[in-house]
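# An overview of the molecular structure
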Amino acid sequence: MINQQQLWDNEAAKQYDTPGEGMFSPDVLGPTVEVLSELAGDGAAIEFAIGTGRVAIPLAEAGVQVSGIELSHAMIARLREKVDEDRIPVVQGDMSSVRAEGSFTLAFLVFNTIANLLTQDEQVRCFENAASHLAPGGRFVVELWVPQLRSLPPGHGGTVEVSQPGYLLVDTYDVLRQHVVSHHVRFGPDLSDGRDARIGRTPHRYIWPSELDLMARIAGFELEARWAGWDRSEFTADSRSHVSVYRLIER
């Protein structure tokens with residue numbers, strides 16, 4: 001059994017923030033915040049797996065009232081170095097079951113994080129939990145990668161996804177359980193502990209877009225929009241990721 005608290009520990013929280021670069025670059029965060037702010041409207045938003053506040057903080061700065069749910073104590077501690085509880089309240093716990101106070105017009109779950117839930121049942125419960133936080137007509141936004149099984153060579157169980165100076169990403173697949181483990185290999189002179197290389201592993205359960213839509217229907221949502229990215233570009237058969245907007249059906 002994977003201990004998620006150990007997986008997302010102090011070291012992971014420390015490495016997560018890369019101000020101004022990568023996921024934290026203005027080119028990434030600008031469109032993300034713009035879309036989420038528009039969908040929240042005049043209401044409040046809640047982020048599932050809020051992490052260190054990569055998206056929540058700029059969204060709050062844009063004028064949206066933001067709350068969060070986060071499993072990792074280390075991630076919350078990192079967030080608290082930036083903003084206090086009054087600005088962005090956070091409930092510690094599992095995003096598939098923990099309830100935050102209030103009613104929201106928007107719930108969102110970004111950067112593939114729903115795949116951190118390693119069973120289909122947990123992922124369905126995550127949708128149901130999102131629905132319990134939303135007013136009728138509210139939206140749940142999920143950012144998720146598209147499984148790249150077409151790149152898996154016959155007879156092989158893994159692919160090299162990234163190869164660049166100082167970093168190698170290898171994904172290994174268990175196609176029966178829809179599990180993929182990402183192996184992050186960091187090497188070179190930048191390692192502070194003097195090692196030649198350091199490896200970290202993160203497990204996921206990948207979800208096909210059609211399966212995600214069925215999870216949404218079970219929880220009372222309907223698909224309102226799907227884009228290839230936060231720039232609202234067209235989602236096609238060749239898209240490697242998607243941003244899906246689900247609307248809670250009024251009953």
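The coordinates are above.
Residues numbered from 1 in each chain as written. Predicted model: local features only at pLDDT ≥ 70, side-chain atom pairs only at ≥ 80, totals over all residues. Heavy atoms only, no water.

### Considerations on the overall build of the protein chain
Secondary structure summary: the protein chain contains seven helices and eleven strands in total. On the principal axes, the C-alpha backbone points of the protein chain span a range of 55 × 40 × 35 Å. Each of the 251 residues in the protein chain was classed as buried or not, and the buried ones make up 49%. Here the protein chain has roughly 12800 Å² of accessible surface; of this, 51% comes from carbon and sulfur atoms. The averaged location of the 35 negative side-chain charges in the protein chain is 3 Å from the averaged location of its 22 positive side-chain charges. (Helix = DSSP H or I, 4+ residues; strand = E, 2+ residues; numbered from the N terminus. Buried < 20%, exposed > 50% of the residue type's maximum accessible area, 1.4 Å probe, protein only. Areas by Shrake-Rupley, 256 points an atom, 1.4 Å probe, with all protein chains shown as cover. Lys, Arg positive; Asp, Glu negative; His and termini not counted. Charge placed at Lys NZ, Arg CZ, Asp CG, Glu CD.)

### A short note on the packing of aromatic side chains
As enumerated under the stated definition, the model contains seven aromatic pairs in all. A ring pair is formed by F48 and F140, whose centres lie 5.9 Å apart and whose planes are at 50 degrees; its orientation type is tilted. Taken together, the positions of F48 in strand β1 (residues 45-48) and F140 in strand β5 (residues 134-145) put the pair 92 residues apart, joining distant regions of the chain. The exposure classification of F48 matches that of F140, with both residues buried. Ring geometry for F127 versus F140: centroids 5.2 Å apart, planes at 85 degrees, classification edge-to-face. One end of the pair, F127, is in helix α6 (residues 120-133); the other, F140, is in strand β5, and 13 residues separate them in sequence. The class of F127 is buried, set by a relative accessible area of 0%. (Phe/Tyr/Trp six-rings, centres within 6.5 Å; stacked < 30°, edge-to-face > 60°.)

### Considerations on the sheet that holds β1
Across the sheet, which stays open at both edges, the seven strands sit in the order β3-β2-β1-β4-β5-β11-β10 with mixed pairing between neighbours. Taken across any chain shown, the strands that pair with only one partner, and hence form the sheet edges, are β3 (90-92) and β10 (221-227). Strand-to-strand twist in this sheet, taken as the mean axis angle between neighbours without regard to direction, amounts to 20 degrees. Pairing geometry for β10 and strand β11 (residues 241-248), over six bridges, is antiparallel. Residue pairing for β11: E222 is matched across the bridge by R247. (Pairing = 2+ DSSP bridges. Axes fitted to C-alpha atoms, helices over the stretch in contact; angles between N-to-C directions.)

### Focus on the pattern of salt bridges
According to the stated counting rule, one finds nine salt bridges in the structure shown. The salt bridge partner of R150 is D238, with a shortest N-O separation of 3.8 Å. Of the two residues, R150 is situated in the loop between β5 and β6 (158-164) and D238 in the loop between β10 and β11; the sequence distance between them amounts to 88 residues. Take R150: its relative accessible area is 69%, and that puts it in the exposed class. Given the relative accessible area of 60%, D238 is considered exposed. (Salt bridge = Lys/Arg side-chain N within 4 Å of Asp/Glu carboxyl O.)

### Description of the sheet that holds strand β7 (residues 167-174)
Backbone-to-backbone hydrogen bonds join strands into a sheet, with any given pair of strands oriented parallel or antiparallel. The four strands lie next to each other as β6-β7-β8-β9, forming an open sheet whose pairing is antiparallel. The open sheet is flanked by β6 and β9 (197-205), the only strands paired with a single partner. Within this sheet the neighbouring strands show an average axis-to-axis angle of 15 degrees, counted without direction. Direction of pairing for β6 relative to β7: antiparallel, over a ladder of six bridges. Paired with G158 across the bridge in β7 is T172.

### Describing the pairing of strand β8 (residues 179-187)
Here β7 pairs with β8 via eight bridges, running antiparallel. Bridging across to β8, Y167 finds its partner in R186. The hairpin formed by β7 and β8 contains four residues between the paired strands, and Q178 there has a positive phi angle of roughly 60 degrees. Both β8 and β9 contribute to a ladder of nine bridges, which runs antiparallel. When the sheet's bridge partners are listed, V185 is paired in β9 with I199.

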